[in-house]
Structure formats: C-alpha cells, structure tokens
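# Descriptive analysis of the structure
The lines below spell out each chain.
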Amino acid sequence: MDWFKRTKQTLKSVPKTELPDGLWVKCENCGEIIYKKELEKKLYVCPKCDFHFRITSKEYIRILFDEDSFKEINANLMTVDSLNFKDSKPYIDKYMATVKKTGMKEAVVTGTAKLEKHDVVAAIMDFKFLGGSMGSVVGEKVARAIDKALELKVPLLILSSSGGARMHEGILSLMQMAKTSAKLARLAENKIPYISILTNPTTGGTTASYAMLGDIILAEPDALIGFAGPRVIKQTIGQDLPPGFQRSEFVLEHGFLDMIVHRHQLKQRIAGILDFFAHKNPH
Amino acid sequence: MAKKKQRFVLEFEKPIVNLEEKIAEMREYALASGLELEDDIKRLEKKASQLRKEIYANLSRWQRVQLARHPQRPYSLDYISRMCSYFEELHGDRRFADDKAIVSGLAKLEEFSIILIGQQKGKDTKENLYRNFGMPHPEGYRKAMRLMELAVKFNKPVVTLIDTPGAFPGIGAEERGQAEAIAYNLFRMARLPVPIINVIIGEGASGGALGIGVGDRILMTENSWYSVISPEGCAAILWRDASHAPEAAEAMKVTAPDLLKLKIIDEIIKEPEGGAHRDYDLAANVVKEAILKHLRELVKIPPKKLIEQRMEKFSKMGAWKE
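The notes below deal with the structure included here. The written sequence of each chain sets the order in which its residues are numbered from 1. To read the labels, note that chains go from A and ligands from 1, taken in the order they are written. Only residues with pLDDT of 70 or above have their local features reported here, since the model is predicted, and side-chain atom pairs are shown and tallied only from 80 upward, although totals for entire chains, interfaces and linings are computed over all residues. Heavy atoms from the whole structure form the basis of all side-chain values; hydrogens and water molecules are not counted.

### A word on the side chain of Ser 160 of chain A
Residues and elements named next belong to chain A. On the secondary structure map, Ser 160 appears in strand β7 (residues 156-162). Relative accessible area serves as the criterion here: at 0%, Ser 160 is assigned to the buried category. With residues up to four places along the chain from it excluded, the contact list for Ser 160 reads Met 125, Ile 197, Leu 198, Thr 199, Thr 202, Thr 206, Tyr 210 and Ala 211. Secondary structure is summarised from DSSP: a helix means a run of H or I of at least four residues, a strand means a run of E of at least two, and numbering begins at the N terminus for each. Between buried and exposed lies partly exposed: a residue is buried under 20% and exposed over 50% of the maximum accessible area for its type, with that area taken using a 1.4 Å probe on protein chains only. Should any heavy atoms of two residues lie within 4.5 Å, those residues are counted as being in contact.

Here's what the structure looks like:
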C-alpha cells in the first residue's frame, strides 16, 4: 500500500483541475512523464507513485457504472442569480462562462445507473464546475436524487468533489446543507443504503452535510477532506499544520472514514458493499 | 444599557452619542446651576430622537454587521437570565469535553419547560478566551445534540440562540470531526420529534450557525446577520482582500430583511432603537415574546406533522429554473 507512505506535504490548494492537452502528462506528485493513453487505461492513477489525478464526473461515471447504464435525471436545472451577486464581475456571467467552457449546467450530475448489475441512484460532483461548489442547483439536484432513491427503493451513491458551499448564493447555498441532510434523514428512516465517496477535495459545507452522512463513507487515497480549509486554519492558529493533516489517511486514523479505496478497486469494493446490503439472511 | 465608563461607539453612532452626551451635560448643568433649561433640553431630545430614526432607518448591510458584532451586544446568557425563570446549565458532550462556546441547559420560559441551547461570546478578552470567541468545537455541537436527545426523551421543545463568528477552524476541531458533528446535527434536527425554534441574535456565520440552526421557525433580531460565510471570508476569497468585507456583505445579502425576502427566516424581531445593546431588558423581552408566540403555535402540532412541515420548509429553500 504505497500511498500510505507518501510523505510529500503540499499546501498548494488548487492543483491542476484538468488534464493538459498533448500526448504526454507529467505526474503532479512524482514528476513521472506518462503517456496519456496509458494514464487513461490506469483510470488516471500514476503508474509510478499511485497519485490519483483529479478527474471529471464523466470519467467517474465511466469508471463506476456498467456500460451505458447511467441515465441522467434533472439535467435541465439551472442557476438563477436571485441575489444579483457581483464581485469583480456578475455571478451570472461567471456561471454562464463556466457553462460554456465545461459543457455542463452545474457542479453535479445525477441519474440512475447500474453498478455490477445493482440498480443505484447516483450524484457525481464535478470540481471543474466552479470548484464543485454547492449552490441552490447542486443542493436541489442532490435532494431530488435522494428522493429518487427513496422512490425507487435503491441504494444512493454520492461522490463528492467540492470546495464547499457557493458564496455567490449566500444564505441559499448554506440552506442546501440543511435540505440535503433532511432528505438523507428521511432516506435513512426508510432503511435505504447510502454510500458516500469522497475525492480530492471534499471540504466546507459539502463535508459538513451529505459527504459525512453515509452509512458507509469511503475516500480515495490522499484526498483533502475537512471542514475548514488548511489555509484558514493556518492563519487562525498561526502555526504550521502537521504532516498529512486533513488527508484521507489522517481522517481515517481519526475515525471519520470507513475505508480508503484505490481508484482501481473503487467499483469492485462498492459492488461488494451493495451485495452485502442486498443480501437477505435465512430465517 | 451599557456601562458609561467603557462605552464602545461605532462610527455611525457617534453623532447620536455626542448629542446624548450633550443633553446629559445640560441636565447636570441645569441641576447644579438651577437654571431653567428644560425647553432647550426637550428640543435637543427631539432632535436626538429624529437623528436616531434617520440613522437607523438607513443602515447599510455592513453597518448592521457592525451592530451584530457590537462588543456590548447582549449574548445568549444575557437573554437567558432575563427571559427564563429557571435555568440549570448542563455541561459536556459525554464524549470528549465541555465546550464553553455553547451554553445549554434546562430552562423555564413562562408556561414552558424547554431545552435551551445558545452560542456564547465573551464580553472582554479574558472571557472571550474562555468562550473561544463563540466559536464552537465539535464537542459543542455534540453537547447540543445530547441535550436535544434529552428534549426528545422528555418531550420538551428546543430553543436555540445563534451567535457565532463560525465553527472553530483548528487542528483539534478537524481531528475530532467538525464537519461530521455539524452534518449529524443537521441530519438529526431535521427529524427531531419536538418543536424547534432558532433565533439568530447576533452573528450567524455559516455551518457553525446552521449546526444548531435547523428548526420549525427561524427568527432573527433586526441587526443580526446570517450567511454562508463571513463578509471578511467572502472578500478574502472573491476580492482577494478582506478589507472588501462591506462590499461582500452587500453582495451576499446578509441582513434580516434580506433573509425575510429570500424566504429563509419566518420573522424579524424588532430591536430597541439604536440596537439591542442599548437596552438589554427590552431586547430580551421582545425576543421572549416572539419565542412564546411561536411556541404556543408549535406545541399544538402533532410531531409527525411537525416533521413533515419542517421537511417542506427546507425543501423549498433555494432558487433554480428548469
């Protein structure tokens, strides 16, 4: 388990969000030059050091679900700027530019899918859309996905990749934490399994709501997982942070994760868990 | 009323305070000299009242944030001591520690016995260090939840007083699962089978506020603020400079009137003229009456329906199109 040994400490908060163009890619962690096709085949994990590259919702859908089984729901939900928010430029302009650039409408894709033949409802967040931030639409789509899982009585998967709640929607973003958590509470009362998958990064309001509420919580290796961002903590307490702070291994060690799963095993391990929950004991 | 000797005055309060001091001086002078100054004093008092009305009717969002943070603003314990005929504080989360940034206990509010939970700031540096400036650790949220479970067990309504600059961002807080503690409270509060009333009495910063902020009624005192992040935090990220906090406060729409318009809160609780710090007794009395009004409504609703309505309430929050 090589990834446990990696001691390199980085506080660079925003590693590259997208794979660069070209035939070759340099590993952000060990510097290895990797043939892009090879990296794709390895599910975007460095063959040399096991660094997990950040990937998009599209790639996770390909990795996790049976071929062509993912059917998107609520694809047309779009953001409304009800605060008329403006910093250096209007929020709605920033949003529309992101829509154009990414070809996505928001920072989460939701749908029904099959995972090793198990029916599931899934919500896959995407960091490339405004840092995977949770505004009204993300909250509403996640909430509807939870309701869908309840309606279909199938397990729910949420894959988080998010810097937290979206500031541009102020209090409305904050309330999405309450909304999604409330829906999950109802799902739990109905005994529908919920598996939460944390990827790099999962912080802020996303962690402090649905990400931390799974029956099973698993994380990819070396993902940044926390409530406050490392920079804010460092500033507040005025001292350096311990090695490995807020990384998957640290969070597991402190008791807030069930397991760390290498991307190569992600689908198979989740399938095992789904098998377990679906199994009926003899009586 | 705040003590005169160490009164803290905000920039926009200065004209009012100057005038008030002048009036007080004239009173003293009149008394000492025996001169008849009553007419002049009355005239000035009228002017002061006019000035107060003008200034407080046109507060910017940033000015309200400053009032919410006023060092002499009443905090949870100031309200509790004035509102409740009985309060027995219960300490500790029975897991790790007692978080001094949250006070919680058994309380009597007129005809009701309730569980009362409030975030608590300090009045001076020493007290603030003790209270961690009102920034709870995970054990604070877990203590709050322990008391809420007590409320469920003995069928008591829950009232929470929210006043925090945020959940504490520190190493220990992260090690002990700040995010999990808050997330679990949201999860559980959403389905708690007793009435819950949340009152924002000062600062409502982000998940740290929401962690005790899910309920059937969300009330907010007039000069409180509540948002997804502090204006400084927002400015530091989006403007790359915390000094742009006033603009961030405007952009995020953080005040009580904003939140009423956005259908997040149910009611604005009027503060004494000039802000809650000008008259603790009056401020507490108005908050108490508001809580009682809603409690009297909520206790009539069967738990199942209460939870359904709560779900409905939070389901509607947000803005989107499709």
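Next comes the rest of the account.
### Notes on a nonpolar patch on the surface
Residues and elements named next belong to chain A. Candidate patch residues must exceed 30% relative accessible area and have no salt bridge, after which like charges are joined if within 9 Å and Val, Leu, Ile, Met, Phe, Trp or Tyr side chains if within 5 Å. Residue exposure ignores everything except the shown protein chains as possible cover, and the areas themselves are Shrake-Rupley values with a 1.4 Å probe. Salt bridges are identified by distance alone: a Lys or Arg side-chain nitrogen within 4 Å of an Asp or Glu carboxyl oxygen. A surface patch of nonpolar side chains, amounting to about 460 Å² of accessible area, comprises Leu 23, Trp 24, Ile 33 and Tyr 35. Relative to the assigned elements, Leu 23 resides in the segment before β1 (24-26). On the basis of relative accessible area, Leu 23 is assigned to the exposed category, the value being 56%.

### Let's talk about the side chain of Ser 209 of chain A
Checked against the element boundaries, Ser 209 of chain A lands in the loop between α6 (204-207) and β9 (216-219). Every residue in contact with Ser 209 of chain A, bar those within four places of it in the chain, is listed here: Met 134, Met 177, Thr 180 and Ser 181 of chain A together with Ala 183 and Leu 186 of chain B.

### Some remarks on the interface of chain B and chain A
Bring the parts together and some accessible area is lost; that lost area is often taken as the interface size. Counting from both sides, the interface comprises 47 residues of chain B and, opposite them, 58 residues of chain A. Throughout, the accessible surface (probe 1.4 Å) given up by two parts as they are put together, summed over both, is called the buried area. Approximately 4400 Å² of surface area, both sides summed, lies buried where chain B meets chain A, with 76% of it carried by carbon and sulfur atoms. Scanning the region where chain B abuts chain A turns up two salt bridges. With its nearest N and O atoms 2.7 Å apart, the salt bridge here joins Arg 191 of chain B to Glu 189 of chain A. In protein, a polar contact requires one atom able to donate a hydrogen and another able to accept it; more generally it is a pair of N or O atoms within 3.5 Å, and residues adjacent in sequence count only if both atoms are side-chain atoms. Counting across the chain B and chain A interface gives 13 residue pairs in polar contact (both at pLDDT 80 or more). When residues of the side of chain B that touches chain A are traced back to their parent elements, those giving at least two are α7 (171-175), α8 (178-189), α9 (206-210), β7 (225-227), α10 (231-239), α11 (245-252), α14 (303-315) and β9 (320-321) of chain B. Per element, the largest residue contribution to the side of chain B that touches chain A is eight residues, and it comes from α8 of chain B.

### Digging into helix α6 (residues 138-153) of chain B
Residue and element names in this part refer to chain B. Each helix should span, by expectation, one fewer than its residue count multiplied by 1.5 Å. The terminal C-alpha atoms of α6, which comprises 16 residues, lie 23 Å apart, in line with the 22 Å expected from a rise of 1.5 Å per residue. Taken together, the buried positions of α6 are Pro 138, Glu 139, Gly 140, Tyr 141, Lys 143, Ala 144, Met 145, Arg 146, Leu 147, Met 148 and Ala 151. Contact partners of the buried residues in α6: β2 (102-109), β3 (112-119), β4 (158-164), α7, α8 and α9. The positive-phi residue at the C-terminal boundary of α6 is Asn 155, with phi of around 55°.

### Observations concerning the packing of aromatic side chains
The geometry of an aromatic ring pair is captured by two quantities: the separation of the ring centres and the angle between the planes. Aromatic pairs are defined between Phe, Tyr and Trp rings, using the six-membered ring for Trp, whenever the two ring centres lie within 6.5 Å; interplanar angles under 30 degrees are classed as stacked, those over 60 as edge-to-face, and all others as tilted. A full pass over the atoms with the stated rule returns eight aromatic pairs over all chains. Between Phe 245 of chain A and Phe 250 of chain A, the aromatic rings sit 5.1 Å apart at their centres with planes inclined by 75°, giving edge-to-face as the arrangement. Just as Phe 245 of chain A is buried, Phe 250 of chain A falls in that class too. Taking the centre distance of 6.0 Å and the plane angle of 35° together, the rings of Tyr 184 of chain B and Phe 187 of chain B count as tilted. Of this pair, Tyr 184 of chain B and Phe 187 of chain B both sit in helix α8, three residues apart, roughly one helical turn. With relative accessibility at 32%, the residue Tyr 184 of chain B sits in the partly exposed group. A positively charged side chain is recorded as over a ring if its NZ (Lys) or CZ (Arg) lies within 6 Å of the ring centre. The angle to the ring normal must also be within 35 degrees. Cation over ring: Arg 54 of chain A sits above Phe 127 of chain A, and NZ or CZ is 4.0 Å from the ring centre.

### Examining unusual backbone geometry
Look at the link from Asn 200 of chain A to Pro 201 of chain A: it is a cis peptide, with omega at -5°. Among the structural elements, Pro 201 of chain A can be located in strand β8 (residues 194-202). Residue Asn 74 of chain A is not a glycine yet carries a positive backbone phi of 50°. Here Asn 74 of chain A is to be found in the loop between β3 (71-72) and β4 (78-79). Exposure remark for Asn 74 of chain A: the relative accessible area of 24% places this residue in the partly exposed category. The backbone phi angle of Asn 132 of chain B is positive, close to 50°, even though this residue is not glycine. Turning to its location among the elements, Asn 132 of chain B is positioned in the loop between α5 (125-131) and α6.

### Some thoughts on the sheet that holds β8 of chain A
Two pairing modes exist for strands in a sheet, parallel and antiparallel, and in both the strands are linked by backbone hydrogen bonds. All names here are of chain A. Should DSSP find at least two bridges between two strands, the strands are regarded as paired. Strand order in this open sheet of seven strands is β3-β5-β6-β7-β8-β9-β10, and the pairing throughout is mixed. Of all strands in the sheet, those bounded by a partner on one side alone are β3 and β10 (259-260). For β7 and β8, the ladder comprises six bridges, and the chain directions are parallel. Note that in β8 the partner of Leu 159 across the bridge is Ile 197. Helix axes are fitted only over the stretch in contact, all axes being lines through C-alpha atoms; the angle between N-to-C directions runs from 0 to 180 degrees. The sheet strands contacting helix α2 (residues 57-64) are β5 (108-115), β6 (118-125), β7 and β8, and the helix crosses β6 at an angle near 160°.

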